[in-house]
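Structural description and commentary
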Amino acid sequence: MSGTTPIETALLVDDDHAFRTTMQSALRRRGIRACTAATVEEGLIQLEEQPVDLVVLDHRLPQGDGLSALESFRRRCPGAVIVMLTGHGDIPLAVVAIRRGADLFMMKPVEVDRLLA
């Protein structure tokens, strides 16, 4: 996120355990404190406890999808960069995500360097 405030804290909301742990480790190696959540509800609870600079939010999640929850994440953490991730995206979905509060829309798989660029 060059040209902006450095990312010091991140929240990864994704139901794929392997993705969460891999991305969390990659962020930590870059000096970013990263926490994780497997559901929308867990992610929103995490934000109540600790605001973050970056939210990485999967589109398809159990017990609610990331797209529907974007506005809630934006309200809970208004200064955060929110990146919507999906393995099943298209241009109309990206437009809706941006309109609902995502700063970026990215397709999986995504590498941490590309995410932070």
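Note: the structure precedes this text.
Read on for an overview of the structure. Just so you know, these numbers come straight off a predicted model, no measurement behind them.

1. Digging into the packing of aromatic side chains
- Inspection of every chain in the model, using the stated rule, returns zero aromatic pairs.
- Across from the ring centre of phenylalanine 19, 4.9 Å away, lies the NZ or CZ of lysine 108, which sits over that ring.

2. Regarding the nonpolar core
- One finds Leu11, Leu57, Leu70, Phe73 and Met84 to be the most contacted residues of the largest nonpolar core, which totals 24 residues.
- Every element with two or more residues in this core is listed here: strand 1 (9-13), strand 2 (33-37), helix 2 (40-49), strand 3 (54-58), helix 3 (66-76), strand 4 (81-86) and helix 4 (91-99).
- Of all the elements, helix 3 adds the most residues to this core, at four residues.
- In this view, methionine 84 contacts Leu57, Asp58, His59, Gly66, Leu67, Leu70, Ala97, Ala102, Leu104, Phe105 and Met106; residues no more than four positions away in its chain are not counted.
- Membership of the second largest hydrophobic core comes to 19 residues, among which are Phe19, Val83, Leu85 and Val112.

3. Concerning helix 4
- Among all positions of helix 4, only Leu93, Ala94 and Ala97 are buried. Taken down its axis, helix 4 places every buried residue within 100 degrees of arc, on the same side. Of the exposed residues in helix 4, the ones pointing more than 90 degrees away from its buried face are Ile91, Pro92 and Arg99.
- Lining the buried residues of helix 4 we find helix 3, strand 4 and strand 5 (104-107).

4. Details of the pairing of strand 1
- Among the five residues in strand 1, five count as buried, and that is most of the element.
- On strand 1, burial covers both faces: Thr9, Leu11 and Val13 on one face and Ala10 and Leu12 on the other are all buried.
- Note: strand 1 against strand 2, five bridges, orientation parallel. From the neighbouring strand, valine 13 faces strand 2, where its bridge partner is alanine 37.
- Following the backbone out of strand 1, through helix 1 (residues 17-29) and into the adjacent parallel strand 2, one traces a crossover that is right-handed.

Each value, and the rule that gives it
Every chain begins its residue count from 1, and numbering advances along the sequence as written. Local features are withheld for residues below a pLDDT of 70 in this predicted model, meaning they are given only at 70 or higher, and side-chain atom pairs are given and counted only at 80 or more; totals for whole chains, interfaces and linings count all residues. Where side-chain values are given, they derive from all heavy atoms of the structure, hydrogens and water being excluded. Only Phe, Tyr and Trp rings take part, Trp by its six-membered ring, and two of them pair if their centres are within 6.5 Å. Stacked means planes under 30 degrees apart, edge-to-face means over 60, and tilted covers everything else. Note on criteria: charge over ring means Lys NZ or Arg CZ within 6 Å of the ring centre, with the direction from the centre no more than 35 degrees off the ring normal. Remark: nonpolar core denotes a set of buried residues (Ala, Val, Leu, Ile, Met, Phe, Trp, Tyr, Cys) joined through side-chain atoms within 4.5 Å. Accessible area is worked out with a 1.4 Å probe on protein chains only. A residue is then buried under 20% of its type maximum, exposed over 50%, and partly exposed in between. Put simply, DSSP marks the helices as runs of H or I at least four residues long and the strands as runs of E at least two long, and each gets a number from the N terminus on. Note on contacts: a residue pair qualifies if any of its non-hydrogen atoms lie within 4.5 Å across the two residues. Regarding the arc, it is the one traced by the directions from the helix axis to the C-beta atoms. Criterion used throughout: strands pair if DSSP finds at least two bridges between them. Orienting the strands away from the viewer, one traces the path from the first strand over the helix to the second; a clockwise path indicates a right-handed crossover.

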